[in-house]
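Spelled out, the chains give:
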Amino acid sequence: MRRAPALLLAAVLAIGLAGCADPGASAAPQKSDVADTCPQASVPLAQLDLVDDVRSATGGSTACLSSHAIEPVADDTAPELPVTVTDSEGREVEITDVDRILPIDISGTIASTVFALGLGDQVVGRDSSTMFAGTEDLPVVTKTGHTLNAEAILELAPTVILTDTTIGPKEIRQQLRDAGITIVVISSDRRLDTTDELVTEIATALGVPSRGAALIERLDADLDDALAEIAEVVPTEVDDRARMLFLYVRGNANIYYIFGEDSGADSLIDAVGGVDVAAEIGWTGMKPMTAEALVAARPDVLVMMTDGLESVDGIDGLIERIPAIAETPAGANRRVIDMADSEILSFGPRSADVIEAIARALYAPSESATAEPAK
């Protein structure tokens, strides 16, 4: 049921990123960098300076992580190969060698999962969204945003590629198969409630099911802890909860989309105790934004990717380009939460950290004020 929105997400992101500089050229932030720029990320939510009324808070805030490193599981059981799996496209694939793994998708989620399974040392390349600590020196095999570069991939001689339908084109995947490379297409469904299935798919394909089970146990516990922490500060009455809308923007490409139900963004809003106003107006998947939809949704808070907000020169530029935003409570209060493009929808090993970061930006905005662009 959710495959179509996942495919549309790929199309939207690919078009938008084609008009931006490739983020793969930038090194991933190190933990010390994060400590300097995001000190609130390691402080328990309840100990921050919380707003009295989350619906009337003003100004922008940035959600950020306490660390960009991926912690591997303690289980170091050796891969049991060969293994045969049926991938998400219905192909029966035999994996015989995981010494040179190439995990690539549009969000960096597959790569982060491989690293969390303790197989980071076998990863030979990355996509342009994979920017966490430990991947800085890996060659990027995507071009113009998130298009596969067959030549770059062949040069790396991977023994197995883990990918999904958010990255392509499919003709390149077939070209790589024809060259004798094993390719496993993982499900593209990215939500908080599909993380366990994602880990199982990847761990099974790499012959490390016990590592997968250990990772799922850890991630479920982390998510439960995060949700419990957030629940303590969520207003009891639904009418007092923040009305939130995920807005995808690429100003340089004139792209403006609202992400609604089954887009993945809705699960983030639900997790932090917000009201997904896109669902209220019947918005499903990702659709081009309209002024009528914005006004009808009446969001208190807009959630955006950092590069998207920067592409319109910050909050003032966003309101100038989309005058309808000024007619919403979010526009009147200049209330925007932004988070790094490579993190905000990267469901997987960092899911708990992502929702905690968004919750901090939502309930303690003064602790994470968004930096305004230089004039």
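Residues numbered from 1 in each chain as written. Predicted model: local features only at pLDDT ≥ 70, side-chain atom pairs only at ≥ 80, totals over all residues. Heavy atoms only, no water.

A. Geometry of the overall build of the protein. Secondary structure assignment for the protein yields 15 helices and 14 strands. Taking all 375 residues of the protein together, the buried fraction comes to 58%. The contacts in the protein between residues at least 6 apart in sequence include a share of 71% that link residues at least 24 apart. Total accessible area on the protein stands at roughly 15000 Å², and carbon and sulfur atoms take up 50% of it. (Helix = DSSP H or I, 4+ residues; strand = E, 2+ residues; numbered from the N terminus. Buried < 20%, exposed > 50% of the residue type's maximum accessible area, 1.4 Å probe, protein only. Contact = heavy atoms within 4.5 Å. Areas by Shrake-Rupley, 256 points an atom, 1.4 Å probe, with all protein chains shown as cover.)

B. Spotlight on helix α3 (residues 109–116). Buried residues dominate α3, accounting for eight of its eight residues. Where α3 is concerned, the buried positions are T109, I110, A111, S112, T113, V114, F115 and A116. Close packing links the buried residues of α3 with β4 (101–104), β7 (160–163), α6 (195–205) and α7 (209–231). Where α3 ends, the next residue or the one after it, G118, has phi of about 85 degrees, a positive value.

C. Here's a closer look at the pairing of strand β2 (residues 83–86). Side-chain alternation along β2 places V83 and V85 on a buried face and T84 and T86 on a face that remains uncovered. Here β2 pairs with strand β3 (residues 92–95) via four bridges, running antiparallel. By the bridge assignment, V83 is partnered in β3 with I95. (Pairing = 2+ DSSP bridges.)

D. Spotlight on the sheet that holds strand β8 (residues 182–185). Ordered by their spatial adjacency, three strands build an open sheet running β4-β7-β8, and the pairing between neighbours is parallel. Unpaired on one side and paired on the other, β4 and β8 mark the two borders of the sheet. In this sheet, adjacent strand axes meet at a mean angle of 15 degrees when their direction is disregarded. In terms of strand pairing, β7 meets β8 through four bridges, oriented parallel. Residue pairing in the sheet places T163 in a bridge with V185 of β8. Against the sheet, helix α5 (residues 170–178) makes contact with β7 and β8, and its axis sits at roughly 145 degrees relative to β8, the strand it touches most. (Axes fitted to C-alpha atoms, helices over the stretch in contact; angles between N-to-C directions.)

E. Representation of the packing of α6 against α7 in the model. Running from N to C, α6 and α7 point in directions that differ by 160 degrees, and their axes come no closer than 8 Å. For the element pair α6 / α7, the angle class is roughly antiparallel. As for the relative orientation of α6 and α7, their crossing is right-handed in sense. Contact residues: α6 offers T195, D196, V199, T200 and A203, while α7 offers P209, G212, L215, I216, L219 and D220. Here the residues of the contact of α6 with α7 sort into six nonpolar, three polar and two charged. (Parallel < 35°, antiparallel > 145°, perpendicular 65-115°, else oblique. Left-handed = near helix turned anticlockwise from the far one by under 90°. Nonpolar A, V, L, I, M, F, W, Y, C, P; charged D, E, K, R; others polar.)

F. Looking closely at the packing of aromatic side chains. Applying the stated criterion across every chain yields a total of three aromatic pairs. Arranged with centres 5.0 Å apart and planes meeting at 80 degrees, the rings of F115 and F132 form a pair that is edge-to-face. You can see F115 sitting in helix α3 and its partner F132 sitting in the loop between α3 and β5 (142–143), a full 17 residues away along the chain. For the ring pair F246 and F259, a centre distance of 5.0 Å and an interplane angle of 15 degrees mean the geometry is stacked. Placement of F246 in strand β9 (residues 243–250) and of F259 in strand β10 (residues 255–259) is noted, with a sequence separation of 13 residues between them. Aromatic ring contacts, followed pair by pair, group F246, Y248 and F259 into a single cluster. Here K287 stacks its cationic end above the ring of W283, 5.5 Å away from the centre of that ring. (Phe/Tyr/Trp six-rings, centres within 6.5 Å; stacked < 30°, edge-to-face > 60°. Lys NZ or Arg CZ within 6 Å of the ring centre and 35° of its normal.)

G. Here's a closer look at the pattern of salt bridges. Under the counting rule described, the total for this entry stands at 12 salt bridges. The partner of R177 in a salt bridge is E89, and the shortest N-O contact between them spans 3.7 Å. Note that R177 is positioned in helix α5 and E89 in the loop between β2 and β3, a separation of 88 residues in sequence. The network of salt bridges with common partners includes E89, R91, R173 and R177. (Salt bridge = Lys/Arg side-chain N within 4 Å of Asp/Glu carboxyl O.)

H. Layout of the pairing of β9. Counted residue by residue, β9 has eight buried out of eight residues, so it is predominantly covered. With two bridges connecting them, β9 and strand β11 (residues 275–276) associate as parallel partners. Each residue of the ladder has a partner; that of R243, found in β11, is V275. In terms of strand pairing, β9 meets strand β13 (residues 301–305) through three bridges, oriented parallel. Note on β13: the bridge partner recorded for F246 is V303. Bridge count for β9 against β10 is five bridges, and the pairing is antiparallel. Across the sheet, residue R250 finds its bridge partner in β10, namely I255. Two successive antiparallel strands, β9 and β10, enclose a turn made up of four residues, where N254 displays a positive phi of approximately 55 degrees.

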